[in-house]
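# Structural overview
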Amino acid sequence: MPDHVIRVGDVEIMALSDGTLEFDLCNFFPTIPEERWRPHEAHLHDHHVRFNLGSYLIRADGRTILVDTGLGPRPKETPDVPWGTLLKDFQAKGVRVDEIDMVVMTHLHRDHVGWNLTDAGGRWVPTFPKARYWVSTKDWEACHAPDIQPTRYPNAPSCVWPLADLGLVEFMDGEHSVTRSITTVPSPGHTPGHMCILVTSRGERALVLGDAAHNPVQIQEPDWVSRADMDPDLTRQTRRALIERLEREQILVAAGHFQAPGFGRIVRLEGRRYWRGL
Ligand SMILES: [Zn+2]
């Protein structure tokens, strides 16, 4: 099996990517003094944090589900950006856009909704023509709030809002059963309605982490919040509880912003937790 595919019981999870994004440390983690990064240099690229823009394609219960849709097409003004590659990755991995029948978004930040829709000469059409689109009620409300939308959900007007007019939105709240094997796990903090996606099949389990963590360093330092975390205290609380559960129950993790393909586990060595890629 290629390293971008794992099996969880009867379910298959394939890692896809819309490319990468990089930020200066002080920009993305403004509250963490630089010297605290010194023991964690291995998680950096030339003093920058690099994010994979990961999506996961889940084949379960006869359905094909795409979790998150990246940052979206490259703007015409900046054709050289290192992202915008999701549909190319579909091709490279032999997946067609019309195979997707459910798009599930962990949250509605701009790097998770970018390919939802395609501009067909001034009108929006779904990029995944047979899919319906699942969003959490709380993020749906937040991305329509005039005081936070422009800064926190900048591309919602083009990538999220039109889904309603197209009649394609499905709402999820709390622990929502997406299919028999797939359940949402509310994990608020990064956004009010953030959801992790739990896969359970034949006694095996995996969790699509969403943005409950952005970098493996946060497994060791769960209190390090970034400027993208909308409620810092709730982010810390949620992340600590999740990490404890993932370690205790030895759940396989699919972390979309960690280095691709982002599959790994939380392990404990000499009393401290670490991320170990598969
Ligand atoms: Zn993100």
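So, how was this worked out
Residues numbered from 1 in each chain as written. Predicted model: local features only at pLDDT ≥ 70, side-chain atom pairs only at ≥ 80, totals over all residues. Helix = DSSP H or I, 4+ residues; strand = E, 2+ residues; numbered from the N terminus. Rg over C-alpha atoms; globule rule 2.2 N^0.38 Å. Buried ≥ 20, exposed ≤ 12 C-beta atoms within 10 Å, placed from the backbone. Contact = placed C-beta atoms within 7 Å. Expected span 1.5 Å × (residues − 1). Arc of directions from axis to C-beta. Pairing = 2+ DSSP bridges. Axes fitted to C-alpha atoms, helices over the stretch in contact; angles between N-to-C directions. Core = buried A, V, L, I, M, F, W, Y, C linked by C-beta atoms within 7 Å.

This part covers the overall build of the protein chain. Secondary structure assignment for the protein chain yields eight helices and 16 strands. Since a compact globule built from 278 residues should have a radius of gyration of about 19 Å, the 18 Å found for the protein chain is in line with a globular shape. The buried share of the protein chain, reckoned over its 278 residues, is 45%. A separation of at least 24 residues holds for 68% of the contacts in the protein chain among residues at least 6 apart in sequence.

Taking 1.5 Å as the rise per residue, helix 8 (residues 232-248) with 17 residues should run 24 Å; its terminal C-alpha atoms sit 24 Å apart, in good agreement. Along helix 8, the residues that are buried comprise Thr235, Thr238, Arg239, Leu242, Ile243 and Leu246. For helix 8, the angular spread of the buried residues around the axis is 130 degrees, confining them to a single face. Exposed residues on helix 8 whose side chains face more than 90 degrees from its buried face are Asp233, Arg240 and Arg248.

On to the sheet that holds strand 16 (residues 272-277), then. An order of 10-11-12-13-14-15-16 is seen for the seven strands of this open sheet, with the pairing classed as mixed. The sheet is open, and its two edges are formed by strand 10 (177-179) and strand 16, each paired on a single side. When the angles between neighbouring strand axes are averaged without regard to direction, this sheet yields 30 degrees. Pairing geometry for strand 10 and strand 11 (residues 182-186), over two bridges, is antiparallel. Bridging from a neighbouring strand, Ser177 pairs with Thr183 of strand 11. In the packing of helix 8 onto the sheet, the strands contacted are strand 13 (204-208), strand 14 (252-254), strand 15 (263-269) and strand 16, and the crossing angle to strand 15 comes to about 90 degrees.

Bringing the environment of Ala142 into the picture now. Tracing the backbone through its elements, the reader meets Ala142 in helix 3 (residues 137-142). Given 21 C-beta atoms within a 10 Å radius, Ala142 is considered buried. Considered as a pair, Ala142 and Tyr153 are eleven residues apart in the sequence and their alpha carbons are 8.4 Å apart.

Judged by nonpolar contacts, the single largest core of 63 residues is most densely connected at Ile13, Ile58, Val103 and Ala254. For this core, the leading source of residues is strand 2 (residues 11-24), giving five residues. What Ile58 contacts, discounting residues up to four positions off in sequence, is Val11, Ile13, Ile65, Val67, Ile182 and Val199. Counting five residues, the second largest nonpolar core, distinct from the first, contains Phe51, Leu53, Leu71 and Trp83.

Attention now goes to the sheet that holds strand 5 (residues 102-104). Strand pairing in a sheet relies on backbone hydrogen bonds, with the paired strands running either antiparallel or parallel. Spatially, seven strands are ordered 1-2-3-4-5-8-9 in an open sheet, and the strand pairing comes out mixed. Each edge of the open sheet carries a strand with a single partner, namely strand 1 (5-8) and strand 9 (169-172). Averaged over all pairs of adjacent strands, the angle between their axes in this sheet comes to 25 degrees, without regard to strand direction. As paired elements, strand 8 (residues 132-136) and strand 9 share four bridges and run parallel to each other. Counted as the bridge partner of Trp134 is Glu170 from strand 9.

With that settled, the discussion passes to the pairing of strand 8. Counting buried positions along strand 8 gives four out of five residues, so the element sits mostly inside the fold. Bridging between strand 5 and strand 8 involves three bridges; their strand directions are parallel. Each bridged residue has a counterpart across the sheet, and for Val104 the counterpart in strand 8 is Trp134.

Relative to the elements of secondary structure, Ile243 occurs in helix 8. Among the residues examined, Ile243 registers 20 C-beta atoms within 10 Å and is labelled buried. Residues Ile243 and Asp3, spaced 240 residues apart in sequence, show a C-alpha to C-alpha distance of 24 Å. With residues up to four places along the chain from it excluded, the contact list for Ile243 reads Ile219, Pro222, Ile266 and Arg273.

Another point: unusual backbone geometry. Here the residue pair Ala260 and Pro261 is connected by a cis peptide bond, since its omega of 0 degrees sits within 30 degrees of zero. Mapped onto the secondary structure, Pro261 falls in the loop between strand 14 and strand 15. In this structure, Asp46 is a non-glycine residue whose phi angle is positive, near 45 degrees. A positive phi angle is found at Asp68, which is not glycine, with a value near 75 degrees. The exposure class of Asp68 is buried, given the 28 C-beta atoms found within 10 Å.

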